[in-house]
Amino acid sequence: MKVWFITGASRGFGALMTKEALASGDAVIATARNPKTIIEQFGDHPNLLAVALDVTNETQAKKAAAAGIARFSRIDVLANNAGYGLLGAVEEASAEEIERIYATNVFGLLKVTRAVLPYMRRQRSGHILNFSSIGGYFGYPGWGVYGSTKFAVEGLSESIAAELAPFGIKVTIVEPGFFRTDFLADSSLAISPASIADYEGTPAGNMRNFAVDANHAQPGNPAKLAAGIMTMVNSAKPPLRMPFGSDTVTMIAAQHASIERELAAWRELAVSTDFANQATAGA
C-alpha cells in the first residue's frame, strides 16, 4: 500500500487521483483549503485523511505532513497538484496578480515539498509528482505569466531530481495539455482585468476568447490522466517528464524541431565565443 499526499484534492486532477488511489487500496492524505469538500465526495473512508491546507501557508504545510505521518507513518507519493491559471498578456498582468500566482504555483509547491521531504529522506524512498503544463514547455501568447510559473516548476524539478536521487526519491514532472477539467472556469482561472486595446486581434488578445470557447471542450480525458498517473507511479523506472495528451506530445515534438533548426542556423556564432582552443574542440 502506498501513502499519497495530494494537494488540491477537492476537484480536478487532485480529486481524480484521490479516487484512483483509494480504489487501488492505497491511502491518501488529501488536502484542500476546505477539507469538508473532500469528505463530502469520498465519505469516511478508512484510508483517507482529509486535511486543511492552503499551500501558501508553510505552517499549515508542515502540520498537514505531520498529521499524515501520525496517521499512516509514511508518505510515498507527493502530488503537488494545487495551482491555477492567469490569462492575459504579460503587460496586462499587475504586480499583485503575478505575486499571487507565484505564491501558489511556485512558492506553495516549494513549501509543501520542504514539509514532506524530511520524511521521505528518513525512509530513503518516495516519489514527487510536480504538476506543470504544456505551458511549462512551450510559451503561449496570453499565458506568459502562468507559463513562467510552470517553467519555474520544471527547472526546480530537474534540480531536485538530481539532489534527491541519492536518497532513493524520484521526481516526475507531469505535463498535461488541455484536459476537460474546470481549469478554464472561474474557479481555476484568473483573467487580468486590465485589458489593453492594442492587444485586441493579436494572439494574446484572441487567447481570451479561446479560453471561453474551449472550456469543457478540451480534448483530454481527465479520468484517463488519473489512471495514467497510477500506471506511471507503479512503474519501476518512472520518467523525469511525463506528458499527457496528444496536444502536448505534438507541441513537444514541434518545440524540439524548432530548437534544433535554430541551433543549426546559429551554431557557428554560438561556439565562436569560446577561447580559441575550446571553440575548435566544441565545433
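Computed from a prediction, not measured in an experiment: that's the story for all the values here.

Draft legend 1. Just the environment of Gly-136, in detail. Relative to the helices and strands, Gly-136 resides in the loop between strand 6 (126-131) and helix 5 (144-164). Look at Gly-136 and you get buried, because its relative accessible area is 5%. When the C-alpha atoms of Gly-136 and Ala-152 are compared, they prove to be 7.8 Å apart, with 16 residues separating the residues in sequence. Residues in contact with Gly-136, not counting those within four places in the same chain, are Gly-147, Lys-150, Phe-151 and Glu-154.

Draft legend 2. Just the nonpolar core, in detail. Counting 27 residues, the largest nonpolar core has Phe-5, Ile-29, Val-112, Val-116 and Ile-128 as the members making the most contacts within it. Looking at this core, the elements with two or more residues in it are strand 1 (3-6), strand 2 (27-32), strand 3 (48-52), helix 3 (58-72), helix 4 (95-123), helix 5 and strand 7 (169-176). Those residues in contact with Ile-29 that sit more than four places away from it in its chain are Val-3, Trp-4, Phe-5, Ile-6, Leu-49, Val-51, Ala-64, Gly-68, Phe-72 and Ile-75. Counting 25 residues, the second-largest nonpolar core is a separate cluster that includes Met-17, Val-28, Val-77 and Val-233.

Draft legend 3. Broad picture of the packing of helix 4 against helix 5. Close contact between helix 4 and helix 5 brings their axes to 9 Å; oriented N to C, the two are set at 20°. Judged on the interaxial angle alone, helix 5 and helix 4 are roughly parallel. By crossing handedness, the relation of helix 4 to helix 5 is classed as right-handed. Contacts between helix 4 and helix 5 involve Ile-98, Ile-101, Tyr-102, Asn-105, Val-106, Leu-109, Leu-110 and Leu-117 on the former and, on the latter, Val-145, Tyr-146, Ser-148, Thr-149, Lys-150, Ala-152, Val-153, Leu-156 and Leu-164.

Draft legend 4. Geometry of the sheet that holds strand 6. Spatial ordering of the open sheet is given by 3-2-1-4-6-7-9, a layout of seven strands whose pairing is parallel. Edge strands, defined here as strands with exactly one partner in the open sheet, are strand 3 and strand 9 (241-244). In this sheet, neighbouring strand axes are inclined to one another by 15° on average, regardless of whether the strands run parallel or antiparallel. Across six bridges, the pairing between strand 6 and strand 7 is parallel. Across the sheet, the residue bridging to Ile-128 is Val-171, located in strand 7. Across the face of the sheet, helix 3 comes into contact with strand 1, strand 2 and strand 3 while running at roughly 160° to strand 3.

Draft legend 5. Here's a closer look at the environment of Pro-46. Secondary-structure assignment places Pro-46 in the loop between helix 2 (36-42) and strand 3. With relative accessibility at 59%, the residue Pro-46 sits in the exposed group. Placed 190 residues apart in sequence, Pro-46 and Ala-236 show a C-alpha to C-alpha distance of 28 Å. For Pro-46, the residues in contact, after removing those within four places along its chain, are Arg-71 and Phe-72.

Draft legend 6. Up close: unusual backbone geometry. Of note, Ser-73 is a non-glycine position whose phi angle comes to about 75°, a positive value. Take Ser-73: it is sitting in the loop between helix 3 and strand 4 (77-80). Look at Ser-73 and you get exposed, because its relative accessible area is 55%. Located in the positive-phi region is Arg-124, a residue other than glycine, with phi close to 55°. Within the secondary structure, Arg-124 is located in the loop between helix 4 and strand 6.

Draft legend 7. Just helix 8 (residues 246-271), in detail. Between its first and last C-alpha atoms helix 8 spans 35 Å; for 26 residues at 1.5 Å apiece the expected length is 38 Å, and the two agree. Residue Ala-265 marks the point of greatest curvature in helix 8, where the axis turns by about 55°. Residues of helix 8 that are buried: Thr-248, Ile-252 and Gln-255. Those residues of helix 8 that are buried lie in contact with strand 7 and strand 9.

Draft legend 8. Seen up close, the environment of Lys-150. Of note, Lys-150 is situated in helix 5. Here Lys-150 falls in the buried class, since its relative accessible area comes to 5%. For the pair Lys-150 and Tyr-137, spaced 13 residues apart in sequence, the C-alpha separation works out to 8.0 Å. Those residues in contact with Lys-150, other than ones at most four positions away along the chain, are Asn-105, Phe-131, Ser-132, Ser-133, Gly-135 and Gly-136.

What counts, and where the lines are drawn
- Residues numbered from 1 in each chain as written.
- Predicted model: local features only at pLDDT ≥ 70, side-chain atom pairs only at ≥ 80, totals over all residues.
- Heavy atoms only, no water.
- Helix = DSSP H or I, 4+ residues; strand = E, 2+ residues; numbered from the N terminus.
- Buried < 20%, exposed > 50% of the residue type's maximum accessible area, 1.4 Å probe, protein only.
- Contact = heavy atoms within 4.5 Å.
- Core = buried A, V, L, I, M, F, W, Y, C linked by side-chain atoms within 4.5 Å.
- Axes fitted to C-alpha atoms, helices over the stretch in contact; angles between N-to-C directions.
- Parallel < 35°, antiparallel > 145°, perpendicular 65-115°, else oblique.
- Left-handed = near helix turned anticlockwise from the far one by under 90°.
- Pairing = 2+ DSSP bridges.
- Expected span 1.5 Å × (residues − 1).
- Bend = angle between axes of the 7 residues up to and from the residue.

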